[in-house]
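As a plain string of letters, each chain reads:
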Amino acid sequence: MANLILPPRWQISERHVTPESVYRNRRAFLQQMGLLGTGLLGAAEWIHAADAPAATPPAGKYPAPRNPKFDGKGLTLSDATVTAEYNNFYEFSTSKDRVHKMVGSFTTDPWTVRIDGLCDRPRTVDARELIGEFPLEERVYRFRCVEAWAMIVPWTGFPLSRLLRSVEPKSEARFVRFTTANRPEQMPGIGRLRGYPWPYTEGLRLDEAMNDLVLVATGIYGKPLPKQNGAPLRLVVPWKYGYKSIKSIVRIELVAKQPETLWETLAPDEYPFESNVDPKVPHPRWSQASERLIDTGDRVPTLPYNGYGEQVGSLYRKS
Ligand code: MTE
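Predicted model only: the values in this text are computed from it and were never measured. (Residues numbered from 1 in each chain as written. Predicted model: local features only at pLDDT ≥ 70, side-chain atom pairs only at ≥ 80, totals over all residues. Heavy atoms only, no water.)

### Describing the overall build of the protein chain
- The helix and strand tally for the protein chain stands at 9 helices and 12 strands.
- Restricting to contacts in the protein chain with at least 6 residues of sequence separation, those with at least 24 account for 75%.
- Entry remark: accessible area of the protein chain is about 13800 Å², with carbon and sulfur atoms responsible for 54%. (Helix = DSSP H or I, 4+ residues; strand = E, 2+ residues; numbered from the N terminus. Contact = heavy atoms within 4.5 Å. Areas by Shrake-Rupley, 256 points an atom, 1.4 Å probe, with all protein chains shown as cover.)

Below, the structure written as C-alpha cells:
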C-alpha cells in the first residue's frame, strides 16, 4: 500500500513555471510541458494514434444556439487548438500534450450511461439518445485548473439539473457521484498509475449539482467533444477547480453520503471535496492568487468562485 499516495503529476512548483516569453510561443510551450511531463513520469508513453474525431453527432445538434445569459461578453475565447492539445486526462497520460495523440482506440460510440441510486426513475441510456433528448445550448465559461492555468471556452451541453430531475431524486439523496469509464485496455494511463484508486470518480452536493451553472457538456467550439476533452459526456462545474469536471462519464448516482473521490482519496489536504476556486486559499505547495491563460500565457488575477460568486455564493453562506 506504500505506493498508494503517488504525488499527483500536476504538482509543478512555481519555480518550474515556464517564463512568459516561452508561453507566447505555443509550440515551444507545449514542447516544454511535454518534456517536463516525460521527466516526471520517467517512462516512455505509448502513442496509439493521431487525434481521433469523436462520434458522429445527432443530426442538427451542432452548433447549438448560444445562451445569452452566458454569452462571454468581455471574455476572449482561448485558442481552440490549444484547448484540444493541452489536456489533463490521467487515464491516458500525465503529459498534457500527449493525451490527444493517445485516444485513437478509445471507443466513445456506442456509449452507455447509467443514472441511478436514490431516485424513483433510474435509467440506462445511450449517450446519443441522451444528447437527442435535451435541447443543447452553448455557454462561454471560464475554466480554472488547480494547477493555476486557465482557459475560456464555449461549451455545448445541457444543464445537469434537467437530467437529475428526469430521474426524480428521492428525498434522502444529498450528493451526486460521477464515474468515468474504466478501460485499461484502451486507457494506458490506468495501468501505469497502478496506485491510483480507479475508476476516476467525482462528486457534488445535490444543491451544487442542481445549480444552473453545472453543464453536462457534449461539445466544445460548436462541435462534439473530442475524446481528449471527455467525449461523449463530461461535467463542467465552472466555479470549482477543473478536477471536479469529470470526463467520459458512465455513471451518475444519487447518494445519501458524501462520496469518496479519486483525488480526495489520494491527497485530501490538496484536493478536498469542495474545491471552490479561491485566490485566498493557496494550494499547500503553490499560490492560487493568479492564473496563466494557456494560449497567451498572460497572468491574470484569480477570481473568487472563478468569477461566478453571484450565481453560487449563496450555496456557501453560513446562516
Ligand atoms: N476526468 C477524468 N476522467 N480524468 C482526468 O484526469 N482531469 C481533470 C478534469 N477531468 C481529469 C478529468 C482536470 S485536473 C482538469 S484541469 C480537466 O479535466 C481538464 O479538462 P480539459 O482537458 O478538457 O481541458
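### Remarks on the site of the ligand
- Close to the ligand lie 19 residues; Tyr90, Glu91, Asn229, Arg234 and Lys247 are nearest.
- Measuring from a nitrogen atom of the ligand, one finds a side-chain N or O atom of threonine 180 at 3.0 Å.
- Separating an oxygen atom of the ligand from a side-chain N or O atom of asparagine 229 is a distance of 2.9 Å.
- In a pocket analysis with a 2 Å cut-off to the grid points, the ligand is assigned to the largest cavity.
- Of the residues belonging to the shell around the ligand, the class tally is 10 nonpolar, 6 polar and 3 charged. (Near = heavy atom within 4 Å. Polar contact = N/O pair within 3.5 Å; in protein donor to acceptor, adjacent residues only side chain to side chain. 1 Å grid on protein atoms, 1.4 Å probe; cavity = no way out; pocket = protein on both sides within 12 Å on 5 of 7 lines; lining within 4 Å. Sits in = over half its atoms within 2 Å of the grid points. Nonpolar A, V, L, I, M, F, W, Y, C, P; charged D, E, K, R; others polar.)

### Thoughts on the sheet that holds strand S1 (residues 112–117)
- In spatial order, the strands read S2-S1-S10-S5-S6; together these 5 strands make up an open sheet with mixed pairing. If you trace the sheet from one side to the other, it starts and ends with strand S2 (123–126) and strand S6 (201–205), each paired once. When strand polarity is set aside, the average angle formed by the axes of neighbouring strands in this sheet is 15 degrees.
- In this sheet, S6 lies alongside strand S5 (residues 175–180) in antiparallel orientation, the contact comprising 5 bridges. In the strand pairing of S6, arginine 177 is matched with glycine 203. (Pairing = 2+ DSSP bridges. Axes fitted to C-alpha atoms, helices over the stretch in contact; angles between N-to-C directions.)

### Re the nonpolar core
- In this structure, Trp155, Leu160, Phe178, Leu235, Trp239, Ile252 and Trp263 are the most contacted members of the largest nonpolar core, which totals 79 residues.
- The element that contributes the greatest number of residues to this core is strand S4 (residues 149–159), accounting for 5 residues. (Core = buried A, V, L, I, M, F, W, Y, C linked by side-chain atoms within 4.5 Å. Buried < 20%, exposed > 50% of the residue type's maximum accessible area, 1.4 Å probe, protein only.)

### Observations concerning the pattern of salt bridges
- Applying the stated criterion across every chain, the model contains 18 salt bridges.
- Between lysine 96 and glutamate 147 there is a salt bridge; the shortest N-O distance is 2.8 Å. Separated by 51 residues along the polypeptide, lysine 96 in the loop between helix H3 (80–85) and S1 and glutamate 147 in the loop between strand S3 (137–144) and S4 bring together distant segments of the chain. Each of the two residues, lysine 96 as well as glutamate 147, counts as buried.
- A salt bridge links arginine 123 to glutamate 133; the shortest N-O distance between them is 2.7 Å. Within this pair, whereas arginine 123 is found in strand S2, its partner glutamate 133 is found in helix H4 (residues 127–133), the two being separated by 10 residues in sequence.
- Under the relative-accessibility criterion, glutamate 133 is labelled partly exposed at 36%. (Salt bridge = Lys/Arg side-chain N within 4 Å of Asp/Glu carboxyl O.)

### Topic: unusual backbone geometry
- Cis geometry marks the peptide bond from aspartate 109 to proline 110; its omega dihedral reads 5 degrees.
- Along the chain, the position of proline 110 falls in the loop between H3 and S1.
- Omega for the bond connecting alanine 231 with proline 232 falls within 30 degrees of zero, at -5 degrees, which places this linkage in the cis form.
- Unusually for a residue other than glycine, alanine 148 sits at a positive phi of about 75 degrees.
- Its place among the elements puts alanine 148 in the loop between S3 and S4.
- The phi angle at asparagine 306 is positive, at roughly 55 degrees, despite the residue not being glycine.
- Looking at the element boundaries, asparagine 306 is found in the loop between strand S12 (299–301) and helix H9 (309–312).
- Judged by relative accessible area, asparagine 306 falls into the buried class, the value being 1%.

### Some words on empty space enclosed by the protein
- Following the criterion strictly, the structure yields 4 cavities of 30 Å³ or more and no others.
- Along the walls of the largest cavity sit 22 residues, with Asn88, Arg234, Gly242, Ser245 and Lys247 positioned nearest its centre.
- When the residues that make up the lining of the largest cavity are grouped by side-chain class, the tally is 12 nonpolar, 7 polar and 3 charged. (Points joined across faces, edges and corners; volume = space filled by probe spheres on them.)

### Here's the deal with the environment of serine 93
- Its place among the elements puts serine 93 in the loop between H3 and S1.
- It is 9.3 Å that separates the C-alpha atoms of serine 93 and leucine 193, two residues lying 100 residues apart in sequence.

### Re the side chain of threonine 180
- Positionally, threonine 180 belongs in strand S5.
- Relative accessible area serves as the criterion here: at 2%, threonine 180 is assigned to the buried category.
- Polar side-chain contacts of threonine 180 include one of 2.7 Å to the backbone oxygen of lysine 247.
- In this view, threonine 180 contacts Glu91, Met187, Pro199, Tyr200, Ile246, Lys247, Ser248, Ile249 and Val250; residues no more than four positions away in its chain are not counted.

Nothing here speaks to function; it is geometry throughout.
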